[in-house]
Amino acid sequence: MQVAEKFVSIDGEGPHAGELAAFIRFKGCNLNCDYCDTKWANRADCAAKDETTAELADWVKTTGTHNVTLTGGEPLLQHGIDGLIARLIDDGCRVEVETNGSIDIAPFCADPAHRPVFTLDCKLSASGPACVSAMRPENYQYLGPHDSVKFVCGSRADLEDAARIIAAYDLDRTCHVFLSPVFGMIQPVDIVTFMEKRKLNGVRLQLQLHKIIWDPVTRGV
């Protein structure tokens, strides 16, 4: 597997935000979102190290951290990622996969004993039309109470689309749901106002803690 970086930090997003986690970031993505903050990891010339399941599992053990976040890029594109997930779970880790919403997650849900937690993106217009058309809403049927769907919003139209999708798939009753702002395109207060007006119970505003604590372009945090 091609690893762009690995480090220990806090989870900046999701239901475990603020908790320590061991991050493994993989090289490469099949999407090219306009606002992506890790485009460097998706470039063909990104420096990456080939690491095996055993090597990555051994590194996680050295961190003493029980939460593991597999991110990217798009981690589910990595050959052998299923074996890594299973190994980490067998080692007692909580494994969270941050996936962009375009990859079929059904194969990773077939074995309940080795099923990871998913944070599933739902791309809206701020991502670009190609990303929106790549979404797989059929993934929502596999989500449960430990999983999350993340909507990154850049406009009122994005918020309206998110509210429509949440209602259509009953996501607020199925899993965690987060609305996040695209920096510089929409203010968090506007999202709160929208949530209030639309009475979006069970939906949370999410700000990226790592971008508040550190400089937004800092790597390895």
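Residues numbered from 1 in each chain as written. Predicted model: local features only at pLDDT ≥ 70, side-chain atom pairs only at ≥ 80, totals over all residues. Heavy atoms only, no water.

Enquirer: Can you break down the nonpolar core residue by residue, with the values?
Expert: Nonpolar side chains tend to gather and get buried jointly when the protein is soluble and globular. One finds F26, L70, I81, L88, F151, L171 and L179 to be the most contacted residues of the largest nonpolar core, which totals 48 residues. Each residue touching L70, except ones within four places of it in the same chain, is listed here: I24, F26, P75, I81, L84, I85, L88, V95, E96, V97 and E98. (Core = buried A, V, L, I, M, F, W, Y, C linked by side-chain atoms within 4.5 Å. Buried < 20%, exposed > 50% of the residue type's maximum accessible area, 1.4 Å probe, protein only. Contact = heavy atoms within 4.5 Å.)

Enquirer: Explain the sheet that holds strand β7 (residues 148–153) to me, using residue names and the numbers behind them.
Expert: Whether parallel or antiparallel, the strands of a sheet pair through hydrogen bonds between backbone atoms. Taken together, nine strands build an open sheet; the order of strands is β3-β1-β2-β4-β5-β6-β7-β8-β9 and the sheet is mixed. Looking at strand neighbours, the two that pair on one side only are β3 (49–50) and β9 (203–205), the edges of this open sheet. Of the strand pairs in this sheet, strand β8 (residues 176–181) and β9 are connected by three bridges, and their pairing is parallel. Counted as the bridge partner of F178 is R204 from β9. Running over the sheet, helix α4 (residues 156–168) touches β6 (117–122), β7, β8 and β9 and is turned about 160 degrees from β7. (Pairing = 2+ DSSP bridges. Helix = DSSP H or I, 4+ residues; strand = E, 2+ residues; numbered from the N terminus. Axes fitted to C-alpha atoms, helices over the stretch in contact; angles between N-to-C directions.)

Enquirer: Now, about the UniProt feature "binding site: substrate" (unreviewed entry) in the protein: what can you tell me, with residues and values included?
Expert: Here, UniProt's "binding site: substrate" (unreviewed entry) annotation points to I10, D11, G12, R25 and T71. Across 62 residues of sequence, these annotated residues stay compact in space, with a maximum C-alpha separation of 14.3 Å. Note that G12 resides in the loop between β1 (2–10) and β2 (20–26). With respect to the helices and strands, the residue R25 is situated in strand β2. (UniProt positions renumbered as here; feature names shortened; annotations may be inferred.)

Enquirer: Please give an account of the side chain of S148 that cites residues and values.
Expert: With respect to the element layout, S148 can be found in strand β7. Judged by relative accessible area, which is 1%, S148 ranks as buried. S148 has contacts with P15, F118, T119, L120, C175, H176 and F178, leaving out every residue within four places of it along the chain.

Enquirer: Lay out empty space enclosed by the protein with the relevant residues and their values.
Expert: Unoccupied space between atoms shows up once a probe the size of one water molecule is rolled over them. Applying the stated rule across the entire model yields one cavity of 30 Å³ or more. Taken as a whole, the largest cavity spans an internal volume of roughly 40 Å³. Residue lining of the largest cavity: E13, G14, E96, E98, T119 and K150, and that is the complete set. (1 Å grid on protein atoms, 1.4 Å probe; cavity = no way out; pocket = protein on both sides within 12 Å on 5 of 7 lines; lining within 4 Å. Points joined across faces, edges and corners; volume = space filled by probe spheres on them.)

Enquirer: Residues and numbers for the side chain of Q78, please.
Expert: Residue placement: Q78 occurs in the loop between β4 (67–71) and α2 (81–90). Among the polar contacts listed, one links the side chain of Q78 to the backbone nitrogen of Q2, at a separation of 2.9 Å. Only 3.0 Å separates the side chain of Q78 from the backbone oxygen of K27, close enough to count as a polar contact. (Polar contact = N/O pair within 3.5 Å; in protein donor to acceptor, adjacent residues only side chain to side chain.)

Enquirer: Outline helix α5 (residues 188–198), supporting the account with residue identities and numerical values.
Expert: Within α5, the full set of buried residues consists of I191, F194 and M195. Buried residues in α5, looked at end-on, bunch into an arc of 100 degrees, giving them a common side. α5 presents V189, E196 and K197 as exposed residues on the side facing more than 90 degrees away from its buried surface. Buried residues in α5 make contact with α4, β8 and β9. Just downstream of α5 lies K199, where phi reads positive at about 55 degrees. (Arc of directions from axis to C-beta.)

Enquirer: Explain the pairing of β1 to me, using residue names and the numbers behind them.
Expert: In the sheet, β1 pairs with β3 via two bridges, with the strands oriented antiparallel. By the bridge assignment, Q2 is partnered in β3 with D50. Here β1 runs beside β2; their pairing, made up of seven bridges, is antiparallel. Across the sheet, the residue bridging to I10 is L20, located in β2.

Enquirer: Would you mind going over the UniProt feature "binding site: [4Fe-4S] cluster" (unreviewed entry) in the protein in detail, with residue names and values included?
Expert: UniProt tags C29, C33 and C36 as "binding site: [4Fe-4S] cluster" (unreviewed entry). C29 has contacts with N42, G73, E74, L77 and N100, leaving out every residue within four places of it along the chain. Within the secondary structure layout, C33 lies in the loop between β2 and β3. Those residues in contact with C33 that lie beyond four places of it in its chain are K39, K123, S127 and C131.

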